[in-house]
Amino acid sequence: MSRKKIALIGGGQIGGVLAQLCALRELGDVVLFDVVEGLPQGKTLDISEAAPVDNFDVCLKGANSYEEIAGSNVIIITAGLPRKPGMSRDDLIATNSKIMTSVAEGIKKHAPDAFIICISNPLDAMVTLCQKVTGFPKNRVMGMAGVLDSARFAAFIAWELGVSVKDVTAMVMGGHGDDMVPLIRYANVFGIPVMALLEKKYGSATKAKEVMDAMVKRTAGAGGEVVGLLKTGSAFYSPASSAICMAEAILRDQKRVLPVCALLEGEYGVDGYYVGVPCILGANGVEKIVEIDLDETEQALFNSSVSHVKELVDSLK
Ligand code: APR
C-alpha cells in the first residue's frame, strides 16, 4: 500500500508548521508548494533533517510547480496574505481572492481527486471561491475555522476553571469573523455544564455570566489578539494544528465530530453558503452535517453571523 500524500499550498508561517506536523504524525508524504522559489525547498529540507531526531519516515518536498501536487489525497491551502494590526479578515478579500482563484485552478488541473481544506482568509469567502473554481463536490471542499475558534474558547474555559484542556468541550459555530457564535449552553467539562461550574466558583449567576461573556468576547477577538502582539503576521501554530486535526480525520477515517466550514443546502435554514457547523469528518470528507438544536438567542446570533457571511460572499460575485 502506498503512503498518503498531502499537498500544502502556501509555504509561509502556517504552511511550515503544517509540514512539520504532517511529518511528526507521519500522516503521509508532503509537498510544500509556494510561488517563492527556494522557500518551500528550504523549509522541507530543514524539517527533513530533523527526521533522524524525531524518528519520522515521510518524504518532504518543496515545489514551485503544480505538477508536483498530482496524486494528493488531501490539500491544505494557506496561500494568501495574513492580517496586519488594525486589519479585519475581510480586508484581505481583494488580494486573496485572486490568489485563491489561481490556486484552485492549479488543484483542479493537477489533483482532481483531492480533499481540500482552506485556511486562507476571509475564510468563508475563500472556501466558497475554491469550491466554485474547482467544481469539486461539497464533501471534498471545506474550511478550517471552527476547530481553531473552538480550541481557543476551550483553552480560555480551562484556564478560567483551572482544569485540564483535555476535559473541556466547547464549540463555536457560524462565520469566521468577529460575530462567530461560541455556544455557551453546550460548553462542558467532562459533561458538566461550564455555566454550572462558574456559578459554583463565584456563588453568583450574574458574576458567572460576566466571566463567560468576557471569554466569549475574547474568543471572537482571539485572532486579532495574536495579530496585535505579533505585529508582522497572524496566528500560525494553532491554525496549523487545527487543520491537521481535520486532515487526520479524513486520512485516517476517524469520523470525528468537528465544527467545519461546510456548504449548507438547507441545513440550519441556510441554502448555498459555507458556514461553520458541526460535521462528521471521515474518509469521504464532510460525511454528514450534524444539526443541533439552537435556542432563540443562539439562533439569532447564528443568523446574524450568517448574514455577514452572505454579505461578504455576495461581494465576490
Ligand atoms: N500560490 C501559492 N502561494 C502563494 C501565492 C500563490 N498564488 N501567493 C502567495 N503565496 C504564499 C506566500 O508566498 C507565502 O509564503 O502564501 C504564503 C502565505 O504565508 P504567510 O504570509 O506567512 O501567511 P500565513 O500566516 O501562513 O497565513 C496564510 O492563512 O490564516 C490565514 O489570514 C491568513 O490568509 C492568511 C493565510
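- The chain appears in an unreviewed UniProt entry as Malate dehydrogenase from Pelobacter propionicus.
- The UniProt entry for the chain carries the following text under Sequence similarities (unreviewed entry): "Belongs to the LDH/MDH superfamily. MDH type 3 family."

**Overview of unusual backbone geometry**
It is generally the case that most residues other than glycine have a negative phi and that most peptide bonds are trans.
Phase 1 of the analysis: Cis geometry marks the peptide bond from Asn-121 to Pro-122, where omega comes out at -5°.
Phase 2 of the analysis: For Lys-231, which is not glycine, the phi dihedral falls at a positive 65°.
Phase 3 of the analysis: With respect to the element layout, Lys-231 can be found in the loop between α9 (222-230) and α10 (237-251).

**Remarks on the site of the ligand**
Phase 1 of the analysis: In the vicinity of the ligand there are 22 residues, among which Gln-13, Ile-14, Asp-34, Thr-78 and Leu-81 approach most closely.
Phase 2 of the analysis: In this structure, an oxygen atom belonging to the ligand sits 3.4 Å away from a main-chain N or O atom of Gly-12.
Phase 3 of the analysis: Note that an oxygen atom of the ligand is positioned 2.9 Å from one of the backbone N or O atoms of Ile-14.
Phase 4 of the analysis: Expressed as a share of its isolated accessible area of 730 Å², the protein-covered part of the ligand is 86%.
Phase 5 of the analysis: When contributions to the shell around the ligand are tallied by element, the ones reaching two or more residues are α1 (13-24) and α4 (93-110).
Phase 6 of the analysis: No other element matches the 4 residues that α4 contributes to the shell around the ligand.
Phase 7 of the analysis: Looking at the shell around the ligand residue by residue, the class counts come to 12 nonpolar, 9 polar and 1 charged.

**Digging into the UniProt feature "domain: Lactate/malate dehydrogenase C-terminal" (unreviewed entry) in the chain**
Phase 1 of the analysis: Here the UniProt-annotated "domain: Lactate/malate dehydrogenase C-terminal" (unreviewed entry) positions come out as residues 148-313.
Phase 2 of the analysis: This span, residues 148-313, is 49% helix and 22% strand, and a straight line between its end C-alpha atoms measures 21 Å.

**Some thoughts on the pairing of strand β2 (residues 29-33)**
Phase 1 of the analysis: By the criterion of burial, β2 is predominantly enclosed, with 4 of the 5 residues buried.
Phase 2 of the analysis: In the sheet, strand β1 (residues 5-9) pairs with β2 via 5 bridges, with the strands oriented parallel. If you follow Ile-9 over to β2, its bridge partner there is Phe-33.
Phase 3 of the analysis: Strand direction decides the pairing type here: β2 and strand β3 (residues 60-63), joined by 4 bridges, are parallel. Across the sheet, the residue bridging to Val-30 is Leu-60, located in β3.

Thresholds, definitions, all that
- Residues numbered from 1 in each chain as written.
- Predicted model: local features only at pLDDT ≥ 70, side-chain atom pairs only at ≥ 80, totals over all residues.
- Heavy atoms only, no water.
- UniProt positions renumbered as here; feature names shortened; annotations may be inferred.
- Helix = DSSP H or I, 4+ residues; strand = E, 2+ residues; numbered from the N terminus.
- Near = heavy atom within 4 Å.
- Polar contact = N/O pair within 3.5 Å; in protein donor to acceptor, adjacent residues only side chain to side chain.
- Areas by Shrake-Rupley, 256 points an atom, 1.4 Å probe, with all protein chains shown as cover.
- Nonpolar A, V, L, I, M, F, W, Y, C, P; charged D, E, K, R; others polar.
- Buried < 20%, exposed > 50% of the residue type's maximum accessible area, 1.4 Å probe, protein only.
- Pairing = 2+ DSSP bridges.

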